[in-house]
Amino acid sequence: MLKLPNHKNGIAMPFVIFFMAAIGFSKYALADEAAVNSVSSLNAIQIYCMAEQGDVSESDADFTEAIVNLTASNDPAQRVNALSQLAVKGSIESGILQKILQAAIQDTNPQVRGQAVYAFAQQGCGDLFVVLEQALQDTELSVRLMALDSLGDDARSVALLQQVVEDENEAQAIKDLADMKLEALSANNRTQKNDI
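This section reports on the structure supplied with the text.

Calculation criteria
Residues numbered from 1 in each chain as written. Predicted model: local features only at pLDDT ≥ 70, side-chain atom pairs only at ≥ 80, totals over all residues. Heavy atoms only, no water. Axes fitted to C-alpha atoms, helices over the stretch in contact; angles between N-to-C directions. Helix = DSSP H or I, 4+ residues; strand = E, 2+ residues; numbered from the N terminus. Parallel < 35°, antiparallel > 145°, perpendicular 65-115°, else oblique. Left-handed = near helix turned anticlockwise from the far one by under 90°. Contact = heavy atoms within 4.5 Å. Nonpolar A, V, L, I, M, F, W, Y, C, P; charged D, E, K, R; others polar. Core = buried A, V, L, I, M, F, W, Y, C linked by side-chain atoms within 4.5 Å. Buried < 20%, exposed > 50% of the residue type's maximum accessible area, 1.4 Å probe, protein only. Expected span 1.5 Å × (residues − 1). Polar contact = N/O pair within 3.5 Å; in protein donor to acceptor, adjacent residues only side chain to side chain.

**Some thoughts on the packing of helix α8 (residues 155-166) against helix α9 (residues 172-195)**
Okay, step 1: Running from N to C, α8 and α9 point in directions that differ by 140°, and their axes come no closer than 8 Å. With respect to each other, α8 and α9 are oriented oblique. Between α8 and α9 lies a crossing of left-handed hand. Seen from α8, the contacting residues are V158, L161, Q162, V164 and V165; seen from α9, they are I174, K175, A178, D179, K181, L182 and L185.
Okay, step 2: Taken together, the residues that form the contact of α8 with α9 break down as eight nonpolar, one polar and three charged.

**Points about the nonpolar core**
Okay, step 1: The biggest cluster of nonpolar side chains holds 38 residues, and the ones touching the most others in it are L83, L86, I100, L101, L148 and L151.
Okay, step 2: Counting residues per element, this core draws most heavily on helix α4 (residues 94-105), which supplies six residues.
Okay, step 3: Excluding residues that lie within four positions of it along the chain, L86 makes contacts with F63, I67, I92, L97, I100, L101, A119, Q122 and Q123.

**A short note on α4**
Okay, step 1: Here α4 is 12 residues long and its end C-alpha atoms lie 16 Å apart, about the 16 Å a rise of 1.5 Å per residue gives.
Okay, step 2: In terms of burial, α4 is largely enclosed, as 11 of its 12 residues are buried.
Okay, step 3: What α4 keeps buried is the set S94, G95, I96, L97, Q98, I100, L101, Q102, A103, A104 and I105.
Okay, step 4: The opening residue of α4, the one whose side-chain oxygen lies 3.0 Å from the backbone nitrogen of G95, is E93.

Encoded structure:
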């Protein structure tokens, strides 16, 4: 598997962003729109994953260029590897990040879509719950598992977990994971109440 070198935060090379803007990001599209899997529930979603005003940090231009190159690969394993590197918030300019994640959640490969869901959750994007909700409708089990694993402990997530457990048409593996998460959240809440 291709590994990226460790990137250093704080090294800014504005020309990379200028270069990408000048030639257009379309050169780095991950999937041809006509080839996008029509059964994915994520196809129709338009995401929002831009940095908040007070949350802007300098992106690493070398890291950004490496990620963009990997996400443009025809090899799904390289696209998955690139997305797995996006767990570090702020290491890539938010506009480029948004375009990468938008293309990745619509990828024809389910492993890429699943990893995109995980990267989306790690980045703390504003539309996270919408993406997770849609990913739970994906036809591929691996994408639904990644979405389920990315749900938090907020009320909306808990309601969605309960809905998954009660869904008669859902795969047993998904229902079991949702049930385990609900039990863990319940145990955690009991522990916190006992500590008070």
